[in-house]
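Observations on the model geometry
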Amino acid sequence: MAAGEGVKLIGYWASPYALRVEWALKLKGIEYEYIDEDLSNKSALLLQCNPVHKKIPVFVHDGKPVAESLVIIEYVDEVWKEKYPLLPRDPFERAKARFWAKFVDEKCVPALLATFTKQGEEQEKSAKEAQEILKTLESGLEGKPFFGGETIGFVDISAAWIEIWTKINEEIVNIKLVDEKTMPLLCVWFQHVLENPIVKECLPPREKLVEHIKGFHSRLMTAST
């Protein structure tokens, strides 16, 4: 069976985790069917393909489902080895890439969520912690254009979405996290990744995303009162 046949991605248009997988597939030039999930009324297909977590994204290849965005990207990189490698071939460099991708999910994401969902002194404290974590992420670049070296790789597509979602949240809650003065390398890196034509074409419409995130904040505020 030719590469690209029997390939589906179950995602959600505003999900950065589904976006990661789309970036991987596009960079590798793999054709796939995209299925946009209604998260308020989850489909039988999603529940069948991911009965454990019942979440997107789910990648389906020849009828076999793979869940969790980072796991999916590694699977795609392994199956289509000859097309635009995302993970380094060197075992040590590959381990480092996995470390930083995990750092994004386990450290950066919780810190950003805490900052954008708190208020007052708690928000200020969370913002300082988030900035320190982002500076730590910046150190992982080690002076290279991308985490993957000279080309966009595993960590780059795992983390680049942070810039878009963070900027929108900054505007909504009126707080600044990503600062060009304190994180110049990270800001330049964000720009380099997101200006890539393949990466750029997958981005959701900004205005639609803004309204979506505003709705999230509105529901959060309602729930807290």
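Report on the accompanying structure. All values derive from a computational prediction rather than experimental measurement.

Looking now at the pairing of strand β1 (residues 7–11). Counting buried positions along β1 gives 4 out of 5 residues, so the element sits mostly inside the fold. Across 4 bridges, the pairing between β1 and strand β3 (residues 58–61) is antiparallel. Its bridge partner being in β3, L9 is matched across the sheet by F59. Across 4 bridges, β1 lies against strand β2 (residues 33–36) in parallel orientation.

What follows is about the pattern of salt bridges. Using the criterion set out here, one finds 15 salt bridges in the structure. Between E201 and K26 there is a salt bridge, with its nearest N and O atoms 3.8 Å apart. Residue E201 is located in helix α9 (residues 197–201), and its partner K26 is located in helix α1 (residues 16–28); the two are separated by 175 residues in the primary sequence. Taking relative accessible area as the criterion, E201 reaches 52% and is therefore assigned exposed. Two residues, K96 and E142, come together in a salt bridge whose shortest N-O distance is 3.2 Å. Pair noted here: K96 is in helix α4 (residues 91–117) and E142 is in the loop between α5 (120–139) and α6 (154–159), with a separation of 46 residues, a long-range link.

A word on the nonpolar core. With 72 residues, the main nonpolar core has W23, L134, L137, I162 and W189 as its most contacted residues. Tallying contributions element by element places α4 first for this core, with 10 residues. Leave out the neighbours within four places in its chain, and L137 touches W100, F103, V104, C108, F147 and L186.

Time to look at the sheet that holds β1. Spatially, the 4 strands line up as an open sheet ordered β2-β1-β3-β4, and their pairing is mixed. The open sheet has two free edges, formed respectively by β2 and β4 (64–67), since each of these has just one partner strand. Ignoring which end each strand starts from, the neighbouring axes of this sheet average 20 degrees apart. Lying on the sheet, α1 is in contact with β1, β2 and β3; it crosses β1 at an angle near 155 degrees.

Quick notes on the rules
Residues numbered from 1 in each chain as written. Predicted model: local features only at pLDDT ≥ 70, side-chain atom pairs only at ≥ 80, totals over all residues. Heavy atoms only, no water. Buried < 20%, exposed > 50% of the residue type's maximum accessible area, 1.4 Å probe, protein only. Helix = DSSP H or I, 4+ residues; strand = E, 2+ residues; numbered from the N terminus. Pairing = 2+ DSSP bridges. Salt bridge = Lys/Arg side-chain N within 4 Å of Asp/Glu carboxyl O. Core = buried A, V, L, I, M, F, W, Y, C linked by side-chain atoms within 4.5 Å. Contact = heavy atoms within 4.5 Å. Axes fitted to C-alpha atoms, helices over the stretch in contact; angles between N-to-C directions.

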